[in-house]
Amino acid sequence: MAPRVALTIAGSDSSGGAGLQADLKTFAALGVYGVSAVAAVTAQNTRGVSATLTMPADLVTAQIEAVASDIAIHVVKTGMLGSGAVVEAVAAAIRALSLPSLVVDPVLVSSTGQRLLDEDGLSALRSVLLPLAKVVTPNIPEAEALTGMRIATADDRRRAARQLHESCGAVEIGRAHV
């Protein structure tokens with residue numbers, strides 16, 4: 001039986017601790033064949049992000065199309081996308097190619113506070129990518145940005161998860177899920 005295939009569309013983390021490198025390691029550990037489309041490149045180490053470069057949207061689309069034209073994709077996961085243009089291009093490619101089972105990790109800010117998605121990207125994430133998602137996995141600050149809610153309690157997490165669930169599939173914020 002051929003292995004399951006997961007496509008990660010995310011940023012490249014030069015330290016290997018996050019981004020598409022971490023996704024590919026996770027896929028391999030689970031026996032899933034990983035393929036990728038690089039949406040952004042970061043210069044970072046364990047102490048922080050020193051530079052970022054978002055790929056041109058048409059190059060991200062070309063990577064997705066190249067992989068999907070040759071390999072059957074079973075699941076798609078997004079991470080750092082960098083800009084509104086890339087978010088829109090990714091959503092358009094997912095629709096055009098009928099790519100299945102989208103998992104959106106809405107990467108907005110690095111763990112050290114560097115902004116990784118512009119305002120247009122946040123808007124596009126809400127309007128064009130989340131409606132395609134089967135699962136969305138924001139952390140609390142990401143859920144706050146996506147919902148406009150302050151999240152301080154388990155009840156707040158559940159309310160935010162319900163609000164996000166209105167525009168997509170399953171949502172998990174910490175231990176609150178819908």
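All figures in this text were calculated on a predicted structure; none of them were measured in a lab.

**Focus: the packing of helix H2 (residues 57-70) against helix H3 (residues 84-96)**
Okay, step 1: Where H2 contacts H3, the axes come no closer than 9 Å and their chain directions differ by 25 degrees. Classified by the angle their axes make, H2 and H3 are roughly parallel. Along this stretch, H2 crosses H3, giving a crossing that reads as right-handed. Judged by residue contacts, Ala57, Val60, Thr61 and Ile64 of H2 engage Ala85, Val86, Ala89, Val90 and Ala93 from H3.
Okay, step 2: Considering only residue class, the contact of H2 with H3 consists of eight nonpolar, one polar and no charged.

**Describing the pairing of strand S2 (residues 33-45)**
Okay, step 1: One ladder, built from nine bridges, connects strand S1 (residues 5-13) with S2; its direction is parallel. Paired with Ser12 across the two strands is Val41, which belongs to S2.
Okay, step 2: One crossover worth recording links S1 to the parallel S2 by way of helix H1 (residues 19-29), and it is right-handed.
Okay, step 3: Pairing of S2 with strand S3 (residues 48-54) involves six bridges; the strand directions are antiparallel. What sits directly across from Gln44, in S3, is Val49.
Okay, step 4: Taking the residues between adjacent antiparallel strands as the criterion, S2 and S3 are bridged by two residues.

**Some details on the side chain of Asp13**
Okay, step 1: With respect to the element layout, Asp13 can be found in strand S1.
Okay, step 2: Summary of buried charges: Asp13 has no salt-bridge partner, and the nearest side chain of opposite charge, Lys25, is 7.8 Å away.
Okay, step 3: Here the side chain of Asp13 touches Ser15 through a polar contact of 2.7 Å, side chain to side chain.

**A look at the pattern of salt bridges**
Okay, step 1: A complete count under the given rule lists five salt bridges for this structure.
Okay, step 2: In this structure, the salt-bridge partner of Lys77 is Asp23, at a minimum N-O distance of 3.2 Å. You can see Lys77 sitting in strand S4 (residues 75-78) and its partner Asp23 sitting in helix H1, a full 54 residues away along the chain.
Okay, step 3: Of the charged contacts in the structure, one is a salt bridge between Asp156 and Arg159, with a shortest N-O distance of 2.4 Å.

**Here's the deal with the pairing of S4**
Okay, step 1: Note: S1 against S4, four bridges, orientation parallel. Each residue of the ladder has a partner; that of Ala6, found in S4, is Val75.
Okay, step 2: With three bridges connecting them, S4 and strand S5 (residues 102-104) associate as parallel partners. If you follow Thr78 over to S5, its bridge partner there is Val104.

**Comments concerning the nonpolar core**
Okay, step 1: Ranked by internal contacts, the top residues of the largest apolar core, which has 40 residues, are Leu7, Ile9, Ile64, Val90 and Leu129.
Okay, step 2: Going through the elements one at a time, S1, S2, H2, H3, S5, helix H4 (119-129), helix H5 (140-147) and helix H6 (154-165) are the ones with two or more residues in this core.
Okay, step 3: Per-element tally for this core: the top contributor is H3, with six residues.
Okay, step 4: Ignoring anything within four residues of it in the chain, the contact list for Ile64 reads Leu7, Ile9, Ala37, Val90, Ala93, Leu97 and Leu99.

Cut-offs applied
- Residues numbered from 1 in each chain as written.
- Predicted model: local features only at pLDDT ≥ 70, side-chain atom pairs only at ≥ 80, totals over all residues.
- Heavy atoms only, no water.
- Axes fitted to C-alpha atoms, helices over the stretch in contact; angles between N-to-C directions.
- Helix = DSSP H or I, 4+ residues; strand = E, 2+ residues; numbered from the N terminus.
- Parallel < 35°, antiparallel > 145°, perpendicular 65-115°, else oblique.
- Left-handed = near helix turned anticlockwise from the far one by under 90°.
- Contact = heavy atoms within 4.5 Å.
- Nonpolar A, V, L, I, M, F, W, Y, C, P; charged D, E, K, R; others polar.
- Pairing = 2+ DSSP bridges.
- Right-handed = clockwise from strand over helix to strand, strands pointing away.
- Buried < 20%, exposed > 50% of the residue type's maximum accessible area, 1.4 Å probe, protein only.
- Lys, Arg positive; Asp, Glu negative; His and termini not counted.
- Salt bridge = Lys/Arg side-chain N within 4 Å of Asp/Glu carboxyl O.
- Polar contact = N/O pair within 3.5 Å; in protein donor to acceptor, adjacent residues only side chain to side chain.
- Core = buried A, V, L, I, M, F, W, Y, C linked by side-chain atoms within 4.5 Å.

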